[in-house]
Every structure is written in C-alpha cells, then in structure tokens.
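Chain by chain, the residues:
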Amino acid sequence: MTDRDGGTFRVFIRPLGYLLAISAIFILVPYLIDSTVLLDHHEDLGWVQNLPEVLAGVIGIAITVVAIIVELAANRYTARITELFFRNRVNSAVLAFYVVSCVQCIWVSFQTSEAFDRAPLAGTYVCLGSVTLSLLLLLPYFVFVFDFLNPRKVIHRLRDQLVARIARVSESEPGGSDRAKAEVIEGIEQLADVAMNAIEHKDKAISMDSVDALRDLLSRYMSLKKDLPGSWFEVSDPIKHNPDFVSMTPDTHEDLEKRRLWLEMKIFRQYQMLYIE
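Residues numbered from 1 in each chain as written. Predicted model: local features only at pLDDT ≥ 70, side-chain atom pairs only at ≥ 80, totals over all residues. Heavy atoms only, no water.

**Q** Please clarify how the state of the cysteines should be interpreted in this entry.
**A** A covalent bond between the sulfur atoms of two cysteines is referred to as a disulfide. One pass over the full model with this rule turns up one disulfide. Note on cysteine connectivity: Cys105 is disulfide-linked to Cys127, with sulfurs 2.2 Å apart. Across the S-S bond linking Cys105 and Cys127, the dihedral sits near 120°, which makes this disulfide right-handed. Here Cys105, found in helix α4 (residues 89-111), pairs with Cys127, found in helix α5 (residues 121-148); they are 22 residues apart in sequence, far enough to count as distant. Residues Cys105 and Cys127 agree in their burial class; the two are buried. Its sulfur unpaired, Cys102 is 6.9 Å from the next cysteine sulfur, which belongs to Cys105. On the accessibility criterion, Cys102 (12% relative accessible area) is buried. (Disulfide = S-S within 2.5 Å. Helix = DSSP H or I, 4+ residues; strand = E, 2+ residues; numbered from the N terminus. Buried < 20%, exposed > 50% of the residue type's maximum accessible area, 1.4 Å probe, protein only.)

Here it is in structure tokens:
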C-alpha cells in the first residue's frame, strides 16, 4: 500500500466505516427492541418526522460556526490548526454524534410511515434523546472550540506533538526515519509561521510563546537525542530538499550528519529568520 493509499484509508475510509458501524447499531438495536419486546404499541408518531429537520438545522449551525472559526484561526496563525482540530477526540466525537444522530432520526422517521405496521417506540425515544442532547451540547461545544483554538494552547500542542513524534522514532519504522524527519521539519516551520504571523499582527505575547516553544523543543530534544537511532541523524532527502538546507554544499551536509546537528541547525535557522524580520 502506497503512502497515498494509506492516507486515503486513514483519513476517509476508516472514519466512514466507523460512522456506518455506529449508525447501524443505533438503528438496528432500537428496531430489534420494537420488533421483539414492544410489539403492541401502535401510537401515532407522525410528529417524529419533524425531528430530522431540527437535527439537520443544529448540525448546519454547528458545522458553519466551527468551520468559520477554524478557518479564521488557520489563516491567522498556522494551517496546522485544521489538522489539530480533526485529530482531537472531543471534536471528532461531537461531530460524529451529530451525524449519527441525524441518520438515526431519518430512519426512525421512515419507520413511522405507512409501510410499517407498528410504531418505532424505542427508536423514537433514542431519537428524542439524541435531539435533546444535541441541543444541549451546542453552546458548551462552542465554548470548547474557542478554548481549543486559543493560540497559546495551539502552540503548546504543536510543541508537545513534535516532542512525542521524535520520541517515537525507531529503526523499525517503515521507510526508516525519513517520514518522522519530514513531520518534525514541518512542525518546526509551523511554529515559526505562528511567530511570523504574530509579529506581522503585532501580537507580542503569541510571538514570544512561539519562540519559547522552539526553545523548549530544542531543550527536550537534547534529552532524547542519546536514545535516537543512527538513521535519525542522516541528512537524507527530507532534509536536503528543505529550503533551509538545499543551498548548503554536500560537505556541509556531511558535517551536519557527522556532528548530528541537523535539527539544531533547522531550529536556529528559524530563529535567524524571525530576528531578521
């Protein structure tokens, strides 16, 4: 499987499979209860057909507000915010709950039609509970999103993710350490971009937090350095083709590899860029 195929599976196919499986559970379990336990209920539940519209409206509001906030934050600070947002389990869980709830309510609404000879009582209770919880979640979730996108917390997440990624480097990684190098280089550049954008907007506190995050990253890296495999220190393609290294001579690349200093050089080049600007 190629990296592109693996990315498609991880980003699209696997989440879709999870949503299908969870939706099937929320649909089939109440249906089985209605079919095997609640056999004698024939109430008029036509009002349930309005619930999917209510829930779809709530989902529309949530997605619109979140998309605008995330896009504004990504444009202001760093595009990495979008990736951090969707990797967060709370965000993924809330959005998945909204989607699954809407799908379940649509199926319950269909079961109230004349094609079925009994009322989906259990499904209706689940649907009503989903709509109620969705409405109650809306404002607390907006508060969570605003807190999640706090620029200082974004900076700290970026720093901690880079440290964790470096700590996971091993000789047994597929493709050696090149993938990890590319991810770490990108993360360092994202921290520098946050600082640069903050300087442009005259946001001194955020720019200093980004500079401090680069310092903390380097400090933690020094404590991890002795445990990293030899392949990590090789000046391979992800490093050679990076703008901060591409103009260097082969002798310089060889010296960086011999002295195991390519990551330190990368961070100091970001400092150089920031202070020149």
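Right, picking up where we left off after that structure.
**Q** I keep staring at helix α6 (residues 151-167) and nothing clicks. Help me out?
**A** One turn of the α-helix equals 3.6 residues, which is why residues spaced by three or four share an orientation. With 17 residues, α6 ought to run about 24 Å at 1.5 Å a step, and its terminal C-alpha atoms sit 24 Å apart, in line with that. Taken together, the buried positions of α6 are occupied by Pro151, Val154, Ile155, Leu158, Arg159, Leu162, Val163, Arg165 and Ile166. Of the surrounding elements, those touching the buried residues of α6 are α3 (80-87), α5, α7 (178-200), α8 (204-224) and α11 (262-276). Here α6 starts with a cap whose side-chain oxygen sits 3.0 Å from the backbone nitrogen of Arg152, and that cap is Asn150. (Expected span 1.5 Å × (residues − 1). Contact = heavy atoms within 4.5 Å. Polar contact = N/O pair within 3.5 Å; in protein donor to acceptor, adjacent residues only side chain to side chain.)

**Q** Please explain a negative patch on the surface as it appears in this structure.
**A** Among the surface-exposed residues, Glu234, Asp251, Glu254 and Glu257 lie close enough to one another that they form a single negatively charged patch. Relative to the helices and strands, Glu254 is located in helix α10 (residues 250-259). (Patch = residues over 30% accessible without salt bridge, like charges linked within 9 Å, V, L, I, M, F, W, Y side chains within 5 Å. Areas by Shrake-Rupley, 256 points an atom, 1.4 Å probe, with all protein chains shown as cover. Salt bridge = Lys/Arg side-chain N within 4 Å of Asp/Glu carboxyl O. Lys, Arg positive; Asp, Glu negative; His and termini not counted. Charge placed at Lys NZ, Arg CZ, Asp CG, Glu CD.)

Remember, this is a structural readout, not a statement about activity or role.
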